[in-house]
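Coordinate analysis (summary)
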Amino acid sequence: MIMGAEFVLFVSAAVFSIGALGFVVRKNPLVMFMSVELMLNAVNFLLVGYSNFLNSLDGQIFALIIMTVAAAEVVVGLAIILTIFRTRHELDADHIDVLKG
Amino acid sequence: MEFLDQLLSFNLDRETVFGLFEQSIVFIIGMTAILASLGVVLCATPIYSALYLIGNMVCLAMLFLMFNAEFLAAVQVVVYAGAVMILFLFIIALLGAKKEGREFSFQNFMGLSFVGLLFCELLMAMMVGKTRPVEGKVTPEVIQQVGSAKAIGIELFSNHIVPFELASLLLLVAAVGIISLAKFTYKPMRKRTRT
């Protein structure tokens, strides 16, 4: 058995926290989206590591579905960001505070 | 190889040395993943963030390889580092992303303390967590016998067929959504007076 479960837990917790930090601190919506991807990736790594430790493929299936959802989410989110940029000509999460387009 | 021979002369059998070697590789890749994710958050220019994110994803794909998930490693590289990041880079190039100002405000401090608390909670949950593991039957030997992709395919199409179909529906909905977003014509919004 390579590196124990603690290593997987630590790396995934660290990457998840850093992603959460990026989502909270950064103001550019693109970088916020990247931080969300970071968090999803951390969870994927946890699922894959545990599916290896527990001899079960369920974790990998979960990770696969999460990747699908993340891809769909990124496409829709970037389309929305592009739409906001077309109407407002600026990108700052602090200034996007009305839903009316 | 000389280094390995030297290690072998310390009365270590080959198995231990390779185990040690593998462990150190996994450790280094994991630390690189953490550093790359720090780079995503700390870089002021979005294009550098995107490049660091690619590095992070490749590191995680390598870790997937180390944990016997070859198929997922390939999917990670193709879908994330390929498709999603290309999309991000296109959008960055299209919008001409500017550098972000870097002042340390009260909100930043609040976010930092919140995330520090979150990290401590995660570590605490990892130490005191007492869940009963559910052992499966698919050992790494079985996966090596049939291949990772085939094992996942069998599992996906026998036990998890409903999530699979729902994922295809989700992709269809996303495609329809972005087409309707892109076809719509916009009037530029009035310049706001209040800042």
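Predicted, not measured: the structure shown is a model, and the values here were computed from it.

Criteria and cut-off values
- Residues numbered from 1 in each chain as written.
- Chains lettered and ligands numbered in written order.
- Predicted model: local features only at pLDDT ≥ 70, side-chain atom pairs only at ≥ 80, totals over all residues.
- Heavy atoms only, no water.
- Helix = DSSP H or I, 4+ residues; strand = E, 2+ residues; numbered from the N terminus.
- Buried < 20%, exposed > 50% of the residue type's maximum accessible area, 1.4 Å probe, protein only.
- Contact = heavy atoms within 4.5 Å.
- Areas by Shrake-Rupley, 256 points an atom, 1.4 Å probe, with all protein chains shown as cover.
- 1 Å grid on protein atoms, 1.4 Å probe; cavity = no way out; pocket = protein on both sides within 12 Å on 5 of 7 lines; lining within 4 Å.
- Points joined across faces, edges and corners; volume = space filled by probe spheres on them.
- Nonpolar A, V, L, I, M, F, W, Y, C, P; charged D, E, K, R; others polar.
- Core = buried A, V, L, I, M, F, W, Y, C linked by side-chain atoms within 4.5 Å.
- Expected span 1.5 Å × (residues − 1).
- Buried area = accessible area lost by both parts, 1.4 Å probe.
- Salt bridge = Lys/Arg side-chain N within 4 Å of Asp/Glu carboxyl O.
- Polar contact = N/O pair within 3.5 Å; in protein donor to acceptor, adjacent residues only side chain to side chain.
- Patch = residues over 30% accessible without salt bridge, like charges linked within 9 Å, V, L, I, M, F, W, Y side chains within 5 Å.
- Phe/Tyr/Trp six-rings, centres within 6.5 Å; stacked < 30°, edge-to-face > 60°.
- pLDDT = per-residue confidence, 0-100.

A count of helices and strands for chain B gives eight helices and zero strands. Going residue by residue from the N terminus, the α and β elements of chain B occur as α-α-α-α-α-α-α-α. Burial analysis of chain B (195 residues in total) assigns 27% to the buried set. Long-range pairs, those at least 24 residues apart, make up 57% of the contacts in chain B between residues at least 6 apart in sequence. Carbon together with sulfur atoms contributes 70% to the accessible area of chain B, which is approximately 13,300 Å² in total.

This brings us to empty space enclosed by the protein. Evaluation of the coordinates by the stated rule reveals one cavity of 30 Å³ or more. Its volume calculated, the largest cavity comes out at about 60 Å³. What lines the largest cavity is Ser51, Asn52, Asn55, Ser56, Leu57 and Gln60 of chain A together with Phe67, Asn68, Val138, Thr139, Pro140 and Ile143 of chain B. Within the lining of the largest cavity, the residues separate by chemical class into five nonpolar, seven polar and no charged.

One finds Leu30 and Phe45 of chain A together with Phe64, Leu72 and Phe88 of chain B to be the most contacted residues of the largest nonpolar core, which totals 59 residues. Beyond its immediate sequence surroundings of up to four residues, Phe64 of chain B is in contact with Asn44, Phe45, Val48 and Met67 of chain A together with Ala69, Leu72, Ala73 and Gln76 of chain B.

A few words on helix α4 (residues 70–95) of chain B. The end-to-end C-alpha distance of α4 of chain B, which contains 26 residues, comes to 36 Å, matching closely the 38 Å that a straight helix rising 1.5 Å per residue would cover. Summarising the contacts, the buried residues of α4 of chain B are in contact with α2 (29–53) and α3 (58–88) of chain A together with α3 (46–66) of chain B. At the exit of α4 of chain B stands Gly96 of chain B, carrying a positive phi of roughly 60°.

Let us look at the interface of chain A and chain B. A common way to report how large an interface is uses the accessible area buried once the components associate. The interface of chain A with chain B comprises 71 residues on the first partner and 81 residues on the second. When the two sides are added together, the surface that chain A and chain B hide from each other amounts to roughly 6,900 Å², 77% of it contributed by carbon and sulfur. Our enumeration of links across chain A and chain B arrives at zero salt bridges. If you look at where chain A meets chain B, you find six residue pairs in polar contact (both at pLDDT 80 or more). Of all elements in the fold, only α1 (5–25), α2 and α3 of chain A reach the threshold of two or more residues within the side of chain A that touches chain B. Ranked by residues supplied to the side of chain A that touches chain B, first place goes to α3 of chain A with 25 residues. A class-by-class count of the residues in the side of chain A that touches chain B yields 48 nonpolar, 14 polar and nine charged.

Let us now look at a nonpolar patch on the surface. Taken together, the side chains of Phe157, Ile161, Val162, Leu166, Leu169, Leu172, Val173 and Val176 of chain B make up a nonpolar region of the molecular surface, amounting to roughly 770 Å² of accessible area. Among the elements that take part in the nonpolar patch, helix α8 (residues 161–183) of chain B stands out by supplying seven residues, more than any other.

Let us now look at the packing of aromatic side chains. By the definition in use, this model includes seven aromatic pairs over all chains. Ring centres of Phe10 of chain A and Phe119 of chain B lie 6.1 Å apart, and the angle between their planes is 65°; this geometry places the pair in the edge-to-face category. Remark: Phe119 of chain B occurs in helix α5 (residues 106–128) and Phe10 of chain A occurs in helix α1; the pair is interchain, linking two chains. Assessed through its relative accessible area of 32%, Phe10 of chain A is described here as partly exposed. Ring pairs connect the aromatic residues Phe45, Tyr50 and Phe53 of chain A together with Phe64 and Phe67 of chain B, which therefore count as one cluster.

What follows concerns the confidence of the model for chain A. Of the residues in chain A, 94% reach a pLDDT of 70 or more, and the chain-wide mean stands at 86. Of all helices and strands in chain A, the one with the weakest mean pLDDT is α3 of chain A (89), whereas α2 of chain A scores best (92).

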